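# Structural characterization, general
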Amino acid sequence: MDSIYLRKIRDGDTEAFRYFLREYKHMAFSIALSVVKDEFLAEEVVQNAFVKAYRNLDKFHRDAKFSTWFYRIVTNEALLTLKRKKREIIDFGMEYKEDIIDENQIYSLQYEELSNLVNEALKQLSPKESLALRLFYLEEESVKSVGEITGWSAANIKVILHRARKNMMCVLNQLMNKKDE
Amino acid sequence: MNKDQKQELLAKIMKNSLVEMPFSDFDDQVMLRIQQETVATSQSRRDRKRSSIFFALGCAAGMILSFLLSVYQWEGVQNGMFKLFAQVVFATILVYFVYQIKAFVKYQGPAQ
């Protein structure tokens, strides 16, 4: 489907780019939010990323996956925006303690409640951990694909994912305990 | 809960981590920016072409003028000084325009 619309754009149909907006904006927004932690900034990042992608469509290799190429642009734009806004990615390497979570409690939550809880937890993780988790689980990208999007080595990704999983469970546990109080 | 069960639970939980774009006019905003950029890009391409043509014409005219000044004898004019003056003016204009073009290309660079 992507290649059909890419051909249309190459043939001069600018409106065909709306297909890519529909398909990829939500995940792009989630990726940007993982890094910049602010909805308005994330919207700015995704807008800039789409415009950059349109400008550089002739550089996109048709045999590659459009999503990998585009999410790389989003990630780079998000990191650049953080730098521009002089917000530092301070990764304290926080080690949370309690990672034992009540499975039943999780499943008892309504869809929206669970969604809010998960996204609140991801907001508390560092940009790297939040990004790695979303790319790995939400997009079901392999470690190799995550590396292509982020530029991190496979070994680095495995370390980040390991830490991220642990911290995510701990933060979820803390948020659920807070909710019960 | 063992490690595999935790991973399975996390994988299920993470399916809820997609955040939808909350701004309803997002698509239109992006398309508007793209259209504006397309118009600006084609306009700047036309301007660059025009400026290159005029620069080339100006260089040619200057070279012809320099040549003519060196060849013909002008009455009542100290040929040597006038020739030198004309060539200095021509060289100054040439350097100025080369500088302007470099600055223009540098300005256009990030937009590409």
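Refer to the preceding data block for the structure.
Definitions and cut-offs
Residues numbered from 1 in each chain as written. Chains lettered and ligands numbered in written order. Predicted model: local features only at pLDDT ≥ 70, side-chain atom pairs only at ≥ 80, totals over all residues. Heavy atoms only, no water. Core = buried A, V, L, I, M, F, W, Y, C linked by side-chain atoms within 4.5 Å. Buried < 20%, exposed > 50% of the residue type's maximum accessible area, 1.4 Å probe, protein only. Helix = DSSP H or I, 4+ residues; strand = E, 2+ residues; numbered from the N terminus. Contact = heavy atoms within 4.5 Å. Phe/Tyr/Trp six-rings, centres within 6.5 Å; stacked < 30°, edge-to-face > 60°. Buried area = accessible area lost by both parts, 1.4 Å probe. Salt bridge = Lys/Arg side-chain N within 4 Å of Asp/Glu carboxyl O. Polar contact = N/O pair within 3.5 Å; in protein donor to acceptor, adjacent residues only side chain to side chain. Nonpolar A, V, L, I, M, F, W, Y, C, P; charged D, E, K, R; others polar. Patch = residues over 30% accessible without salt bridge, like charges linked within 9 Å, V, L, I, M, F, W, Y side chains within 5 Å. Areas by Shrake-Rupley, 256 points an atom, 1.4 Å probe, with all protein chains shown as cover.

As a further point, take the nonpolar core. A:F17, A:F20, A:F50, A:F70, A:L133 and A:M168 are the most contacted members of the largest nonpolar core, which totals 72 residues. The dominant element in this core, judged by the number of residues it contributes, is helix α2 (residues 18–36) of chain A, at 12 residues. With sequence-adjacent residues up to four places away left out, A:L133 is seen in contact with A:L122, A:L125, A:L138, A:L161, A:A164, A:R165, A:M168, B:L10 and B:M14.

Turning next to the packing of aromatic side chains. Two aromatic rings are characterised by how far apart their centres lie and by the angle between their planes. Residue and element names in this part refer to chain A. On inspection of all chains with the given rule, the structure shows 21 aromatic pairs over all chains. Here F17 and F20 contribute two aromatic rings whose centre-to-centre distance is 5.9 Å and whose plane-to-plane angle is 40°, an arrangement assigned as tilted. Like F17, the residue F20 is buried in the burial classification. Ring geometry for Y19 against F20: centres 5.0 Å apart, planes inclined by 75°, an arrangement best described as edge-to-face. Among the residues examined, Y19 registers a relative accessible area of 7% and is labelled buried.

Quick look at the interface of chain A and chain B now. Taken together, the 43 residues of chain A in the interface contact 31 residues of chain B. Here chain A and chain B share an interface that buries about 3,700 Å² over both sides, 66% of which is from carbon and sulfur atoms. The interface formed by chain A and chain B includes 3 salt bridges. The residue B:E37 makes a salt bridge to A:R55 at a minimum N-O spacing of 2.6 Å. There are 13 residue pairs in polar contact (both at pLDDT 80 or more) connecting chain A and chain B. Secondary-structure elements contributing two or more residues to the side of chain A that touches chain B are α2, α3 (39–55), α5 (103–108), α6 (111–124), α7 (127–138) and α9 (154–180) of chain A. Per-element accounting of the side of chain A that touches chain B gives the leading share, 10 residues, to α3(A). Within the side of chain A that touches chain B, the residues separate by chemical class into 23 nonpolar, 8 polar and 12 charged.

As a further point, take helix α8 (residues 143–150) of chain A. Helical geometry note: an α-helix holds 3.6 residues per turn, so side chains three or four residues apart project in the same direction. Residue and element names in this part refer to chain A. A large share of α8 lies buried, amounting to 6 of its 8 residues. Restricting attention to buried positions, one finds in α8 the residues V143, S145, V146, G147, I149 and T150. Positive phi appears at G151, one or two residues downstream of α8, with a value of about 85°.

Taken together, the side chains of B:F82, B:F85, B:V89, B:I93, B:Y96 and B:F97 present a nonpolar region at the surface, about 580 Å² in accessible area. Within the secondary structure, B:V89 is located in helix α3 (residues 79–108).

What follows is about the pattern of salt bridges. If you walk through the whole model with that rule in mind, you get 9 salt bridges over all chains. With a closest N to O distance of 3.7 Å, B:R50 and B:D47 form a salt bridge. Within this pair, B:R50 and its partner B:D47 are both found in helix α2 (residues 26–71), separated by 3 residues, close to a single helical turn. Using a relative accessible area of 32% as the deciding quantity, one classes B:D47 as partly exposed. Because the salt bridges share partners, they merge into one network encompassing A:E15, A:R18 and B:D28.

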